[in-house]
Amino acid sequence: MTTERFHVDGDTAVITGASSGIGREIATRFAADGVDVVICSREQENVDAVAETIAESDRPGEALAVECDVTDREAVEALIEATVDEFGGLDVLVNNAGASFMANFEDISPNGWQTIVDVNLTGTYHCTHAAAAHLKEGGGTVVNLASVAGRQGAPYMSHYAASKAGVVALTSSLAFEWASEGVRVNCIAPGFVATEGVEAQMGISADDVDREEVDRRMGTSEEIADIAQFLASPASSYLVGQTLEPAGKPAILEDPTV
Ligand SMILES: NC(=O)c1ccc[n+]([C@@H]2O[C@H](COP(=O)([O-])OP(=O)(O)OC[C@H]3O[C@@H](n4cnc5c(N)ncnc54)[C@H](OP(=O)(O)O)[C@@H]3O)[C@@H](O)[C@H]2O)c1
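What counts and what doesn't
Residues numbered from 1 in each chain as written. Predicted model: local features only at pLDDT ≥ 70, side-chain atom pairs only at ≥ 80, totals over all residues. Heavy atoms only, no water. Near = heavy atom within 4 Å. Polar contact = N/O pair within 3.5 Å; in protein donor to acceptor, adjacent residues only side chain to side chain. Areas by Shrake-Rupley, 256 points an atom, 1.4 Å probe, with all protein chains shown as cover. Helix = DSSP H or I, 4+ residues; strand = E, 2+ residues; numbered from the N terminus. Nonpolar A, V, L, I, M, F, W, Y, C, P; charged D, E, K, R; others polar. Buried < 20%, exposed > 50% of the residue type's maximum accessible area, 1.4 Å probe, protein only. Patch = residues over 30% accessible without salt bridge, like charges linked within 9 Å, V, L, I, M, F, W, Y side chains within 5 Å. Salt bridge = Lys/Arg side-chain N within 4 Å of Asp/Glu carboxyl O. Lys, Arg positive; Asp, Glu negative; His and termini not counted. Charge placed at Lys NZ, Arg CZ, Asp CG, Glu CD. Core = buried A, V, L, I, M, F, W, Y, C linked by side-chain atoms within 4.5 Å. Contact = heavy atoms within 4.5 Å. Phe/Tyr/Trp six-rings, centres within 6.5 Å; stacked < 30°, edge-to-face > 60°. Pairing = 2+ DSSP bridges. Disulfide = S-S within 2.5 Å.

## A word on the site of the ligand
- Close to the ligand lie 29 residues, the nearest being Ser-19, Arg-42, Tyr-160, Val-193 and Thr-195.
- Within the side chain of Ser-20, one N or O atom sits 2.9 Å away from an oxygen atom of the ligand.
- Thr-195 places a polar side-chain atom, nitrogen or oxygen, 2.5 Å from an oxygen atom of the ligand.
- Relative to its unbound accessible surface of 890 Å², the ligand loses 90% to contact with the protein.
- Counting residues per element, the ones that place at least two in the shell around the ligand are helix H1 (21-32), helix H6 (158-178) and helix H7 (196-202).
- Its residues assigned to classes, the shell around the ligand comprises 13 nonpolar, 12 polar and 4 charged.

## Looking at unusual backbone geometry
- In this model, Tyr-156 sits at a positive phi of 65°, which is unusual for a non-glycine residue.
- Here Tyr-156 falls in the partly exposed class, since its relative accessible area comes to 48%.

## Here we look at a negative patch on the surface
- Together, Glu-62, Glu-81, Asp-85 and Glu-86 make up a negatively charged patch on the protein surface.
- Here Glu-62 shows up in the loop between helix H2 (44-56) and strand S3 (63-67).

## Re the nonpolar core
- With 29 residues, the main nonpolar core has Ile-15, Ile-26, Phe-30, Val-37, Ile-39, Val-94 and Ile-188 as its most contacted residues.
- Within the residue set of this core, elements represented by two or more residues are strand S1 (12-16), H1, strand S2 (36-41), H2, strand S4 (92-95), strand S5 (141-145) and helix H8 (221-231).
- Residue contacts for Ile-26: discarding those within four places in its chain leaves Ile-15, Val-94, Leu-145, Ala-225 and Ala-228.
- Residues Val-70, Ala-75, Leu-90 and Leu-174 belong to the second largest nonpolar core, which totals 26 residues.

## With respect to the packing of aromatic side chains
- Taken as a whole and judged by the stated rule, the model has 1 aromatic pair.
- Here Phe-6 and Phe-230 contribute two aromatic rings whose centre-to-centre distance is 6.2 Å and whose plane-to-plane angle is 25°, an arrangement assigned as stacked. Here Phe-6, found in the segment before S1, pairs with Phe-230, found in helix H8; they are 224 residues apart in sequence, far enough to count as distant.
- Here Phe-6 falls in the partly exposed class, since its relative accessible area comes to 42%.
- Residue Phe-230 is classed as partly exposed on the basis of its relative accessible area of 26%.

## Digging into a nonpolar patch on the surface
- There is a patch of nonpolar side chains on the surface, built from Met-102, Tyr-156, Phe-192, Met-202 and Ile-204 and spanning about 460 Å² of accessible area.
- Here Ile-204 shows up in the loop between H7 and strand S8 (219-220).

## Some words on the sheet that holds S3
- One open sheet holds the 7 strands; their spatial order is S3-S2-S1-S4-S5-S6-S9, and the pairing between them is parallel. Of all the strands in the sheet, just S3 and strand S9 (243-244) have a single pairing partner and so form its edges.
- As defined by bridge partners, S4 adjoins S5 across 4 bridges and the pair is classed as parallel. Paired with Val-92 across the two strands is Thr-141, which belongs to S5.

## Here's the deal with the state of the cysteines
- Applying the stated criterion across every chain, the model contains 0 disulfides.
- The closest cysteine sulfur to the non-disulfide-bonded Cys-40 is located on Cys-68, 4.5 Å from its own sulfur.
- The class of Cys-40 is buried, set by a relative accessible area of 1%.
- In this structure Cys-187 is not part of a disulfide, and its nearest cysteine sulfur, from Cys-127, lies 14 Å away.

## Structural notes on the side chain of Arg-184
- The topology assignment puts Arg-184 in strand S6 (residues 184-188).
- Of the side chains with opposite charge, Asp-9 comes closest to the buried, unpaired Arg-184, at an N-O distance of 6.0 Å.
- In this structure the side chain of Arg-184 is engaged in a polar contact, spanning 3.1 Å, whose partner is the backbone oxygen of Ser-233.
- Within the structure, the side chain of Arg-184 is placed 2.6 Å from the backbone oxygen of Ser-236, a separation counted as a polar contact.
- Not counting the four nearest positions on each side in its chain, Arg-184 is found in contact with Gly-140, Thr-141, Val-142, Leu-231, Ala-232, Ser-233, Ser-236, Ser-237, Leu-239 and Val-240.

What follows is the structure in structure tokens.
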């Protein structure tokens, strides 16, 4: 009875940016929980590989792989249409697709700035906006991926931090509007998580993470998927418009007497 409330609430979920890292882990987890998942990224072959892994496993949920760049509104509308055509509705939307690069503020060109804002913030807007009617039909859930950078800032990632702050604000604003229609909108703002994206930028891989540690270690995609599952489940039914920060021990908890 109690653990039942931790299962994903719904039959169908769209997870963007699910070809690697956190998105792939959330898709795999939801499929294991019996949810049919629609997974997208910019490269069909990248998401095909994830869908094949899910299909070959004994996970009860099905996977549909769709090529979709979340900055392309027409492609996003086609993604939502494909979801509804295949599975008859849409209950959970996970806005996970994200991009970043490190640079001094002065070195961020207008194009570089626009690209990051387009993927992280406008992409979240496109997907949520295009899915709105379907989410409202069945009282769905939206889980957005922001970052601690969006709450406290991050050096050399001002464009990324600003875009993620936008995602946090979109989450709390939309939650006000949609709660009365039975749609919960929440957000996850992780600290550093060992994913392919981080490995490419910083050379730290999931193998370097010691999960026994609590203090100042990187998180894993699995730990973020735990929270996504919670936010998409009835166990979080009283949580609306919130941003959870899985980031290990926060710096503010340093012992001030030492
Ligand atoms: N890892 C961290 O430390 C960390 C910390 C805080 C927040 N986050 C956030 O968590 C999310 C996932 O991060 P991650 O580290 O798992 O990322 P990742 O390993 O770099 O994967 C990013 C995913 O997004 C897809 N993607 C990128 N641009 C896209 C676009 N325009 N349209 C559709 N898909 C796109 C990529 O697929 P293709 O390349 O195949 O398109 C890939 O599947 C992001 O929003 C990120 O900002 C991550």
